[in-house]
Number of protein chains: 2
Amino acid sequence: RRQFVNDPDAIVEEALEGLEAAYPRLIRWNRDPSFVARATPAPAGQVAVLSGGGSGHEPLHVGMVGAGMLDAAVPGAVFASPTAGQILAATQAVSGGAGVVHVVKNYTGDVLNFEIAAEVAADDGIEVRQVLVDDDLATTSATGDGPGRRGTAATVVVEKIVGAAAAAGADLARVAALGQRVAATSRSMAVALAAGAHPGDPRPSFDLPRDEVEFGVGIHGERGVGRRAFASADELADLLVRPLVADLAIGRGDRVIAITNGLGSTTNLELAVIHRRVATILAAAGITIERALVGPYVTSLDMAGCSVTLTRADDELVALWDAPVRTIALSW
Amino acid sequence: RRQFVNDPDAIVEEALEGLEAAYPRLIRWNRDPSFVARATPAPAGQVAVLSGGGSGHEPLHVGMVGAGMLDAAVPGAVFASPTAGQILAATQAVSGGAGVVHVVKNYTGDVLNFEIAAEVAADDGIEVRQVLVDDDLATTSATGDGPGRRGTAATVVVEKIVGAAAAAGADLARVAALGQRVAATSRSMAVALAAGAHPGDPRPSFDLPRDEVEFGVGIHGERGVGRRAFASADELADLLVRPLVADLAIGRGDRVIAITNGLGSTTNLELAVIHRRVATILAAAGITIERALVGPYVTSLDMAGCSVTLTRADDELVALWDAPVRTIALSW
């Protein structure tokens, strides 16, 4: 498909310039090295929270920068890790002396570059803890080998909880431990009806036969882990949710935060129809959805598809979820 | 393209059920007649604000229901007006004795049904004022004949300002007058790269040659008013913005609220690139963007395209824009 683009190689920088022009009261773009920070920095003495990763997943991560969530986000090129230099500069910029938490989606390049930046920052006297997000159930390894599960839409939950804890004055160890707990109890599953296309390239990143859908797709245009017959929204929602419930081992009396997430070009009507079924399945299992989001939060360019994320919740996590937040994408 | 759908004829009801399940603290769905109201009604004695129209434009209108904006929204079928019966029931439900403002996009069916409902409500002793939104510059009639300009994304601005005025305790005449002033000083222009598709129907509502785009499209899958050569994001943005500036007769020293709106499947990256150019053009003309939104707010199913809306702003309108709001789509 065709796109609104000038120079495909400049789309990320142009988009950041446009976002800063639109939301000067929320964000500031540091052009070189490129990162996006809060327009009004957090009060001194708080743990700082930083995330980042490839672009093409908007509103993640830049849309999550603001009071109560991220202090800064480091955008890479489309579907490519930011550099260690960018991450280091952002880490130094947000550091307020109480340490910095890096929220990192589990991809080899991201993990490597965030680790390098953390090591250099440590030499500068900035203590960094990494919270690794690895919620994508489709990439569970049976043998435990390989890079492990990918990080996808649970990143929103981790960033919200971690940001709220930092804003409440928790110390570095506590903020990081909370993030790790959220990541450990979050799982996601995605399905694509059609792949997205890179800026400047009209071709989708993979083709699907008319009668099949791709399950277990990630958020980088990669193929999924298996094809299934195209089916009704309810049937596809069943195939997303039931493995999550099984893997999290949740049942009657358990509580979750749920995200029914659009991967790009799926309409809000469709997402709400999917979420209806998610809610029905969980209610039938005696599981309470404490809080939910329905919409495009972690996208894969204009992929047609959706994912469902469930995070086990308790009173503490719900209170942190409900704490005030003011970003482009989440605000309450 | 394929969609997440069970029964295409039930998609609106199923989506409303899903949204209510996701956001029980914000909205309540009245199933029959169908309308969506605030979960926590506004304090007694306030002017009530009601809107509605065809579905397929999500997050409009249901996503704008909440404190500081709409008291209720009345969804029709996809691209079809709600019935007068639905509108009347919602009007009666939200009426708190201080009158009700109907925010209506200028389409024949919507206007007719809202007028019928207003007349019947008047017989019940409920005073209703209609604010007609007619911002789509593409449908300006040279002769003044016909139904006049269509209502599109300026609806968001009108609903925000009117809702803020009602929440601040303004009386019915004042709230309606403010809404009319916003509508009168708002203009929008849209461009499509590809038409959207109705639920259950994989075919787009119109086809475009590879080297052309459609200017002046509305939000109902209708053809636009003219085709132009496909061009860069900046060139297309120029063609959207310059007519708005000319028609509003704004220039150096003037102030606006701007919305760079996605029509469905356009990525946030692309919208931000468009907004960058909008900001550049306006800055060069000496026009200040006081507040902006960049994202999908008034969609046309999964149309690939965008629109730009400009509303003349002054201190009063900016203050009402900044007033607290808590809905699914807008919250601050």
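What you see is a predicted model; the values in this text were computed from it and never measured.

Cut-offs applied
Residues numbered from 1 in each chain as written. Chains lettered and ligands numbered in written order. Predicted model: local features only at pLDDT ≥ 70, side-chain atom pairs only at ≥ 80, totals over all residues. Heavy atoms only, no water. Patch = residues over 30% accessible without salt bridge, like charges linked within 9 Å, V, L, I, M, F, W, Y side chains within 5 Å. Areas by Shrake-Rupley, 256 points an atom, 1.4 Å probe, with all protein chains shown as cover. Salt bridge = Lys/Arg side-chain N within 4 Å of Asp/Glu carboxyl O. Lys, Arg positive; Asp, Glu negative; His and termini not counted. Charge placed at Lys NZ, Arg CZ, Asp CG, Glu CD. Helix = DSSP H or I, 4+ residues; strand = E, 2+ residues; numbered from the N terminus. Least-squares fit on C-alpha atoms with pLDDT ≥ 70 in both. Domains from an automatic or database assignment. Contact = heavy atoms within 4.5 Å. Buried area = accessible area lost by both parts, 1.4 Å probe. Nonpolar A, V, L, I, M, F, W, Y, C, P; charged D, E, K, R; others polar. Buried < 20%, exposed > 50% of the residue type's maximum accessible area, 1.4 Å probe, protein only. Pairing = 2+ DSSP bridges. Axes fitted to C-alpha atoms, helices over the stretch in contact; angles between N-to-C directions. 1 Å grid on protein atoms, 1.4 Å probe; cavity = no way out; pocket = protein on both sides within 12 Å on 5 of 7 lines; lining within 4 Å. Points joined across faces, edges and corners; volume = space filled by probe spheres on them. Polar contact = N/O pair within 3.5 Å; in protein donor to acceptor, adjacent residues only side chain to side chain. Parallel < 35°, antiparallel > 145°, perpendicular 65-115°, else oblique. Left-handed = near helix turned anticlockwise from the far one by under 90°.

**Let's talk about a negative patch on the surface**
- A contiguous patch of negative charge on the surface is contributed by A:Glu115, A:Glu119, A:Asp123 and A:Asp124.
- By secondary structure assignment, the location of A:Glu119 is in helix α3 (residues 108-123).

**What to know about the relation of the copies chain A and chain B**
- The transform that puts chain A on chain B rotates by 180 degrees and translates by 0.0 Å along the axis, for an RMSD of 0.0 Å. Each copy turns onto its partner about a two-fold axis. Judged by C-alpha distance, A:Ser265 is the residue of chain A that lies nearest the rotation axis, at 2.1 Å.

**Focus: the domain arrangement of chain A**
Residues and elements named next belong to chain A.
- The domains assigned to chain A are domain 1 (9-184) and domain 2 (186-320).
- Of the residues lining the interface, 33 residues belong to domain 1; the matching set on domain 2 comes to 34 residues.
- Buried surface at the junction of domain 1 and domain 2, both sides included, amounts to about 2800 Å², of which 63% is carbon and sulfur.
- On inspection of domain 1 and its partner domain 2, the count reaches four salt bridges.
- When its residues are assigned to classes, the side of domain 1 that touches domain 2 shows 20 nonpolar, four polar and nine charged.

**Brief notes about the pattern of salt bridges**
- Enumeration according to the criterion identifies 50 salt bridges over all chains in this entry.
- Among the ionic pairs, A:Arg181 bridges to A:Glu316, the shortest N-O distance being 2.6 Å. Of this pair, A:Arg181 sits in helix α5 (residues 172-184) while A:Glu316 sits in helix α8 (residues 315-322), placing them 135 residues apart in sequence.
- The class of A:Glu316 is partly exposed, set by a relative accessible area of 33%.
- The salt bridge partner of A:Asp201 is A:Arg203, with a shortest N-O separation of 3.0 Å.
- On the basis of relative accessibility, which here comes to 59%, the residue A:Arg203 falls in the exposed class.
- Each of the salt bridges in this network shares a partner with another, and the network as a whole consists of A:Arg25, B:Arg255, B:Glu290, B:Arg291, B:Asp315 and B:Asp322.

**As for the sheet that holds strand β2 (residues 35-38) of chain A**
Residue and element names in this part refer to chain A.
- Strand order in the open sheet made by the six strands is β1-β2-β4-β3-β5-β6, with mixed pairing throughout. The open sheet terminates on both sides in strands that have one partner only, identified here as β1 (27-30) and β6 (128-133). Averaged over all pairs of adjacent strands, the angle between their axes in this sheet comes to 25 degrees, without regard to strand direction.
- Where strand β3 (residues 48-55) lies against strand β4 (residues 72-78), five bridges are found, and the strand directions are parallel. Each bridged residue has a counterpart across the sheet, and for Gly52 the counterpart in β4 is Val74.

**Points about the layout of surface pockets**
- Reported here for the second largest pocket is a volume of approximately 1200 Å³.
- Along the wall of the second largest pocket there are 40 residues; nearest its centre are A:Arg1, A:Ala194, A:Pro202, B:Arg1 and B:Ala194.
- Elements with a contribution of two residues or more to the lining of the second largest pocket: β7 (186-194) of chain A together with β7 (186-194) of chain B.
- By residue class, the composition of the lining of the second largest pocket is 22 nonpolar, six polar and 12 charged.

**Brief notes about the side chain of B:Asp135**
All names here are of chain B.
- The topology assignment puts Asp135 in the loop between β6 (128-133) and α4 (154-167).
- At 2.6 Å, the side chain of Asp135 forms a polar contact with the backbone nitrogen of Thr152.
- Among the polar contacts listed, one links the side chain of Asp135 to the side chain of Ser188, at a separation of 2.5 Å.
- Setting aside residues up to four positions removed in sequence, Asp135 forms contacts with Arg149, Arg150, Gly151, Thr152, Ala153, Ala154, Ser186, Arg187, Ser188 and Thr309.

**Observations regarding the environment of B:Thr83**
Residue and element names in this part refer to chain B.
- Looking at the secondary structure, you find Thr83 in the loop between β4 (72-78) and α2 (84-94).
- In this structure Thr83 comes out as partly exposed when scored by relative accessible area, which is 43%.
- The spacing of Thr83 and Asp238 is 155 residues in sequence and 39 Å in space, taken between C-alpha atoms.

**Quick look at the packing of α2(B) against helix α3 (residues 108-123) of chain B**
All names here are of chain B.
- Two elements in contact, α2 and α3, have axes separated by 8 Å at closest approach and are oriented at 45 degrees. Classified by the angle between their axes, α2 and α3 sit oblique to one another. Crossing geometry of α2 relative to α3 is assigned as right-handed. On α3, the residues touching Ala84, Ile87, Leu88 and Thr91 of α2 are Asn113, Phe114, Ile116, Ala117, Val120 and Ala121.
- Residues of the contact of α2 with α3, tallied by class, amount to eight nonpolar, two polar and no charged.

**Overview of the interface of chain A and chain B**
- Contacts between chain A and chain B engage 60 residues on the former and 60 residues on the latter.
- For the pair chain A and chain B, the summed buried area comes to about 4900 Å², and 61% of that belongs to carbon and sulfur atoms.
- Together, A:Arg2, A:Phe4 and A:Leu269 form the three largest contributors to the area buried by chain A at its contact with chain B, with a combined 21%.
- For the interface between chain A and chain B, the tally reads eight salt bridges.
- The residue B:Arg25 makes a salt bridge to A:Asp322 at a minimum N-O spacing of 3.3 Å.
- Counting across the chain A and chain B interface gives 27 residue pairs in polar contact (both at pLDDT 80 or more).
- Elements with a minimum of two residues in the side of chain A that touches chain B: α1 (11-22), β7, β8 (212-215), α6 (233-248), α7 (268-284), β11 (288-295) and β12 (304-312) of chain A.
- Here the element with the most residues in the side of chain A that touches chain B is α7(A); it accounts for nine residues.
- Considered class by class, the residues forming the side of chain A that touches chain B number 31 nonpolar, 13 polar and 16 charged.

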